[in-house]
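Coordinate inspection notes
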Amino acid sequence: MRTERVTVSLPAELVAEARDAVRRGTSRSISSYIAEAVSARQRRDRSLAVLADLYGGPPPADELAEARRTLRLVSRAAAV
């Protein structure tokens, strides 16, 4: 995949977490950490767009919450 250099400003806390992920070895570099985050956001946006097409608009909040619980994307206590 072709890469392109960009400059972004991020909150210091996010940069610290990205650096920590690199130190722990859970990410190859800060660039790959951020690329993974952007990719995850794009997948989420595409999924929500598909749901909006199916529902004819944004899916109801209660159904999204149930889907998140079912997929274990949030704890049951947090989703209530």
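Residues numbered from 1 in each chain as written. Predicted model: local features only at pLDDT ≥ 70, side-chain atom pairs only at ≥ 80, totals over all residues. Heavy atoms only, no water.

1. Some remarks on the side chain of S27
Operational definition: The numbering of helices and of strands both runs from the N terminus, where a helix is a DSSP run of H or I of at least 4 residues and a strand a run of E of at least 2. Three exposure classes are used, based on accessible area relative to the maximum for each residue type with a 1.4 Å probe and protein chains only: buried under 20%, partly exposed in between, and exposed over 50%. Throughout this description, a polar contact denotes any pair of N or O atoms lying within 3.5 Å of each other; where both atoms belong to protein, one of them has to be capable of donating a hydrogen while the other can accept it, and for residues adjacent in sequence the pair is counted only when both atoms sit in side chains. Here a residue-residue contact requires only that any non-hydrogen atoms of the pair lie within 4.5 Å.
Examined against the element boundaries, S27 turns out to sit in the loop between helix 1 (12-24) and helix 2 (30-55). For S27, a relative accessible area of 7% translates into the label buried. A polar atom in the side chain of S27 sits 3.2 Å from the backbone oxygen of S29. A polar atom in the side chain of S27 sits 3.2 Å from the side chain of S32. Discounting chain neighbours no more than four positions away, the residues touching S27 are A21, V22, S32, Y33 and E36.

2. Remarks on the environment of R19
Within the secondary structure, R19 is located in helix 1. R19 sits in the partly exposed class, given a relative accessible area of 45%. Along the sequence, R19 and P58 sit 39 residues apart, while their C-alpha atoms lie 36 Å from each other.

Just geometry here; none of it tells us what the structure is for.
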